[in-house]
Each structure stands twice: as structure tokens, then as C-alpha cells.
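For reference, the chains in residue letters:
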Amino acid sequence: MSPQTLSFAHRFVPGTGAGRAPLLLLHGTGGDENDLLPLGQAVAPGAALLSPRGQVLEHGAPRFFRRLAEGVFDEADLHRRVDDLAAFVAEARRAYDLPAPVALGFSNGANIAAAMLFLKPEVLSGAALVRAMVPLAEPPAADLGGRRVLILSGAMDPIVPAANAATLARQFDGAGARVDHRVLPAGHGLGQGDLAALAEWFAG
Ligand code: MLT
């Protein structure tokens with residue numbers, strides 16, 4: 001399949017640093033495939049960047065899966081969208097000759113990455129999840145086999161309750177991931193503290 005016919009609109013930036021895992025960049029609600037490219041370049045210099053645009057539109061704002069209200073997810077749609085995104089990653093890996101990527105997701109993008117780790121753990125080699133919340137009320141038993149998962153939460157986040165992010169960290173821990181959960185003095189938006197924590201984690 002040629003890059004032009006992949007199933008998601010996307011941007012791809014080839015890697016320049018040997019040995020760096022590619023990043024799967026997953027934007028937040030209302031973002032697009034351009035949003036997180038500068039972040040990816042800043043926190044993982046030289047890594048290949050694969051950045052799809054979410055295919056759900058909420059009043060014109062792209063997302064990766066439907067929600068019924070803020071923080072209330074349509075889990076049937078989420079399952080379907082995880083399958084679609086997994087198929088895209090497989091296409092892109094063939095088209096661009098890539099190993100399994102590490103996800104870097106923000107908000108809605110972090111939530112679909114979290115769901116993918118539980119539903120299709122083979123797709124991702126790890127994940128950095130910024131302002132993620134529990135995407136699946138009852139995630140299936142998954143073996144994350146020591147995959148690295150970073151969760152960056154905001155202590156003043158009005159969208160993600162602290163207990164919800166803590167539950168997500170526990171779910172990953174229970175599935176055998178190597179979880180690093182940090183609570184930053186921040187709200188829901190991305191800030192300098194996120195950049196520093198991400199750069200440190202990606203360098204590790
Ligand atoms: C979501 O997935 O709906 C997020 O948690 C919130 C957002 O994207 O605005």
C-alpha cells in the first residue's frame with residue numbers, strides 16, 4: 001500500500017537518529033496531525049514521527065473516538081476506533097518500514113493510546129500519556145510485559161480527577177507495565193513541566 005492511500009490522514013517525518021523508536025503522535029480534541037510534531041521533535045530528537053488525524057468529528061473537532069459527555073466515553077465506538085488505528089499503524093509500519101512505535105498522546109489521544117495498550121498491546125512498544133484518564137471501565141486482562149508507560153497528570157486538571165488517573169496507573173501496573181505516574185503542578189493543558197518530564201522519559 002502506498003503512503004498516499006493509508007487509511008488515516010497523517011503526517012510522517014522520517015527518523016534521523018538510529019536506534020530511536022518511532023513515535024505515534026495522537027492529538028487532543030480539536031487538534032490534527034500537525035499539532036504534536038513540534039512536541040515530538042523536542043522530546044525525542046531524531047525519532048521518526050507518525051501522526052494521524054482522529055476520524056471522529058465532534059461539532060467539527062477531530063477526535064479519536066466518540067464520547068457521550070465530557071469524560072463519559074462510548075466504549076463500543078472506542079473498541080472500533082482502536083481496531084481502525086491499529087490497522088493504520090500496521091499499514092504505516094509496512095509503508096515506512098518502521099518497528100513498533102511508542103505512543104505520545106495528549107488528552108483524547110492519550111486515552112485511545114491507553115485503550116490500545118489494553119485491547120491490542122502488540123501494537124505499541126510503550127506509551128507516554130499526557131492528561132490521560134481511564135478509557136475502559138473494565139479493561140480486559142492484558143499482559144503488557146514490562147512495557148514502559150509514562151502518565152503525566154495535572155494536579156489542577158478540571159477534566160481528569162486525580163483518583164481517575166491513579167486508577168489508570170493501577171490498571172497498567174496490574175497488567176505488568178513499568179509505570180511512571182507523575183502529577184505536575186498543572187491544569188489540563190500542556191506546559192513546560194510536561195516537556196521536561198517527556199524529554200527525560202524518552203531519553204531513559
Ligand atoms: C477525552 O477523551 O474526551 C478527553 O479526556 C477530554 C478531551 O479530549 O477533551
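**A short note on the overall build of the protein**
Each helix and strand in the protein was counted, giving five helices and 11 strands. Taking 2.2 N^0.38 as the reference for a compact globule, 204 residues should give roughly 17 Å; the C-alpha atoms of the protein span a radius of gyration of 15 Å, in line with that estimate. Dimensions along the principal axes, computed over C-alpha positions, put the protein at roughly 45 × 35 × 30 Å. Going through the 204 residues of the protein one by one, you find that 50% of them count as buried. In the protein, 72% of the contacts between residues at least 6 apart in sequence involve partners at least 24 apart. Separation of charge centres in the protein, based on 17 positive and 20 negative side chains, amounts to 3 Å.

**Section: the side chain of His 188**
In this structure, His 188 sits in the loop between strand E11 (178–184) and helix H5 (192–203). For His 188, a relative accessible area of 15% corresponds to the buried category. Looking at His 188, its side chain comes within polar contact range of the side chain of Asp 157, at 2.7 Å. In this view, His 188 contacts Phe 106, Ser 107, Arg 131, Asp 157, Pro 158, Ile 159 and Val 160; residues no more than four positions away in its chain are not counted.

**Examining unusual backbone geometry**
The phi dihedral of Asp 97 falls on the positive side, at around 60 degrees, and the residue is not glycine. Considering the arrangement of structural elements, one finds Asp 97 in the loop between helix H2 (75–96) and strand E8 (102–106). A positive phi angle, close to 55 degrees, is found at Ser 107, a residue other than glycine. As for its position among the elements, Ser 107 is in the loop between E8 and helix H3 (108–119). Of the residues examined, Ser 107 reaches a relative accessible area of 12% and is grouped as buried.

Definitions and cut-offs
Residues numbered from 1 in each chain as written. Predicted model: local features only at pLDDT ≥ 70, side-chain atom pairs only at ≥ 80, totals over all residues. Heavy atoms only, no water. Helix = DSSP H or I, 4+ residues; strand = E, 2+ residues; numbered from the N terminus. Rg over C-alpha atoms; globule rule 2.2 N^0.38 Å. Buried < 20%, exposed > 50% of the residue type's maximum accessible area, 1.4 Å probe, protein only. Contact = heavy atoms within 4.5 Å. Lys, Arg positive; Asp, Glu negative; His and termini not counted. Charge placed at Lys NZ, Arg CZ, Asp CG, Glu CD. Polar contact = N/O pair within 3.5 Å; in protein donor to acceptor, adjacent residues only side chain to side chain.

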